Amino acid sequence: VYIPAMAVLLVLYVVAFLRPEVGLLFYVALLPFRSLTLLKFGGAVVVASDLTVIPMVAGWFLHGTFRHEQPRLPFRRSGIDVPLVAFLFLCQLSTYWSVGYMGTFSKVIQFVYALILFYSGLELIKSPKLVPWIMMFWSVGALVNSGSSVITYLTHHVRSGGLNIN
């Protein structure tokens, strides 16, 4: 059972790297599975949707940087760049005075992760034609998650958080 799962994951990684837009669609489809924890590293957890982020961001960064004659960073400026960077700076500065240093630092890392997702989404969604696809992939993921909850309840008579049984 692990070999087919690894083969599917490898294909997903290659597709997300070569076509970051498709990686974004898979990320959105896996968002309803936030309760499905795959790996734990100390206090950090890796959930299902996080599996597509690394190849999607790597593909977005490499394709966006080297797509032009003159290499450039693939960041499209938005109206909230300065407040986001200022907030990140203040969060990082506050870690030195916090009681739980590691807890605060992990929240800063989560904020950086969210910023990367924000800017990659901002760059990858270039036309309004992709928005219905994003909504469709999210709806399919939510339906699969809901269906798995109903099936789990009917077969085991326990409530669950989607595919993650409590």
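Criteria and cut-off values
In this convention, every chain numbers its residues from 1, walking through the sequence in written order. At least 70 in pLDDT is required for a residue's local features to be given in this predicted model, at least 80 for side-chain atom pairs to be given and counted, and no such filter applies to totals for whole chains, interfaces and linings, which use all residues. Just so you know, side-chain values use all the structure's heavy atoms and leave hydrogens and water out. Note on conventions: DSSP H or I runs of at least 4 residues are helices, E runs of at least 2 residues are strands, and numbering of each starts at the N terminus. Burial here depends on accessible area, computed with a 1.4 Å probe over protein chains only, as a share of the maximum for the residue type. Under 20% is buried, over 50% is exposed, and the range in between is partly exposed. By definition in these notes, contact holds between two residues if any of their heavy atoms fall within 4.5 Å. Only the protein chains shown count as covering a residue, and every accessible area follows the Shrake-Rupley method with a 1.4 Å probe. A helix is expected to span 1.5 Å multiplied by its residue count minus one. For our purposes a nonpolar core is just a set of buried Ala, Val, Leu, Ile, Met, Phe, Trp, Tyr and Cys residues, chained together by side-chain atoms within 4.5 Å. Each Phe, Tyr or Trp ring, with Trp reduced to its six-membered ring, pairs with another whose centre is within 6.5 Å; inter-plane angles below 30 degrees give stacked pairs, above 60 give edge-to-face pairs, and intermediate values give tilted ones. Here the axes come from fitting lines to C-alpha atoms, over the contacting stretch only for helices, and the angles between their N-to-C directions go from 0 to 180 degrees. Note on terminology: angles under 35 degrees are roughly parallel, angles over 145 are roughly antiparallel, angles of 65 to 115 are roughly perpendicular, and the others are oblique. Side-chain classes follow a simple rule in which Ala, Val, Leu, Ile, Met, Phe, Trp, Tyr, Cys and Pro form the nonpolar group, Asp, Glu, Lys and Arg form the charged group, and the remainder, Gly included, forms the polar group. Residues forming no salt bridge and having over 30% relative accessible area are the ones grouped into patches, like charges within 9 Å of each other and nonpolar side chains (Val, Leu, Ile, Met, Phe, Trp, Tyr) within 5 Å. Any Lys or Arg side-chain nitrogen located within 4 Å of an Asp or Glu carboxyl oxygen qualifies as a salt bridge.

**Digging into the overall build of the protein**
Alright, step 1. Each helix and strand in the protein was counted, giving 6 helices and 4 strands.
Alright, step 2. The secondary structure elements of the protein, listed N-terminal to C-terminal, are α-α-β-β-α-α-α-α-β-β.
Alright, step 3. Counting only residues that meet the buried cut, the protein has 30% of its 166 residues in that class.
Alright, step 4. Partitioning the contacts of the protein with sequence separation of at least 6, the portion at a separation of at least 24 is 57%.
Alright, step 5. Total accessible area on the protein stands at roughly 11,200 Å², and carbon and sulfur atoms take up 75% of it.

**Quick look at helix α6 (residues 130–156)**
Since the α-helix packs 3.6 residues into each turn, any two residues three or four apart lie on the same face.
Alright, step 1. Its 27 residues give α6 an end-to-end C-alpha distance of 39 Å, which sits within 8% of 39 Å, the value for a rise of 1.5 Å per residue.
Alright, step 2. For α6, the full list of buried residues reads Leu130, Ile134, Gly141, Ala142, Asn145, Ser148, Ser149 and Thr152.
Alright, step 3. Positive phi shows up at His157, right after α6, with a value of about 60°.

**What about the side chain of Ser120?**
Alright, step 1. Mapped onto the secondary structure, Ser120 falls in helix α5 (residues 101–124).
Alright, step 2. For Ser120, a relative accessible area of 1% gives the class buried.

**Considerations on the nonpolar core**
Alright, step 1. Of all hydrophobic cores here, the largest spans 16 residues; its most connected members are Met56 and Ile134.
Alright, step 2. Listing elements by their share of this core, those giving two or more residues are α2 (20–30), α3 (53–66), α5 and α6.
Alright, step 3. Of the residues forming this core, the biggest block, 5 residues, is contributed by α5.
Alright, step 4. For Ile134, the contacting residues outside a window of four places in its chain are Leu24, Leu25, Val28 and Ile125.

**Examining the packing of aromatic side chains**
Alright, step 1. Per the stated rule, a full pass over the model turns up 4 aromatic pairs.
Alright, step 2. Seen in terms of ring centroids, Phe87 and Phe111 are 5.1 Å apart; in terms of plane orientation they differ by 70°. Their pairing is edge-to-face. With Phe87 in helix α4 (residues 81–94) and Phe111 in helix α5, the pair connects residues that are 24 residues apart, well separated along the chain.
Alright, step 3. Between the aromatic rings of Phe118 and Tyr119, the centroid separation amounts to 5.0 Å while the plane-to-plane angle is 75°, which identifies the pairing as edge-to-face.

**Section: the packing of helix α1 (residues 2–18) against α2**
Alright, step 1. Contact geometry of α1 with α2 gives a least axis separation of 5 Å together with a crossing angle of 125°. Between α1 and α2, the angle is such that the two are oblique. Taking contact as the criterion, the partners of Leu12, Val15, Ala16, Phe17 and Leu18 in α1 are, on α2, Pro20, Val22, Gly23 and Phe26.
Alright, step 2. When its residues are assigned to classes, the contact of α1 with α2 shows 8 nonpolar, 1 polar and no charged.

**Quick look at a nonpolar patch on the surface**
Alright, step 1. A contiguous nonpolar patch, built from Leu10, Val14, Phe17, Leu18, Phe61, Leu62 and Phe66 and spanning about 660 Å² of accessible area, is present on the exposed surface.
Alright, step 2. Taken together, the elements giving at least two residues each to the nonpolar patch come down to α1 and α3.
Alright, step 3. It is α1 that contributes the most residues to the nonpolar patch, 4 residues altogether.
Alright, step 4. Take Leu62: it is sitting in helix α3.

**Remarks on α3**
Alright, step 1. The end-to-end C-alpha distance of α3, which contains 14 residues, comes to 20 Å, matching closely the 20 Å that a straight helix rising 1.5 Å per residue would cover.
Alright, step 2. Of the residues making up α3, those classed as buried are Val53, Pro55, Met56, Val57, Gly59, Trp60, Gly64 and Thr65.
Alright, step 3. Elements that come into contact with the buried residues of α3 comprise α1, α2 and α5.

The values are spatial; any link to function lies outside them.
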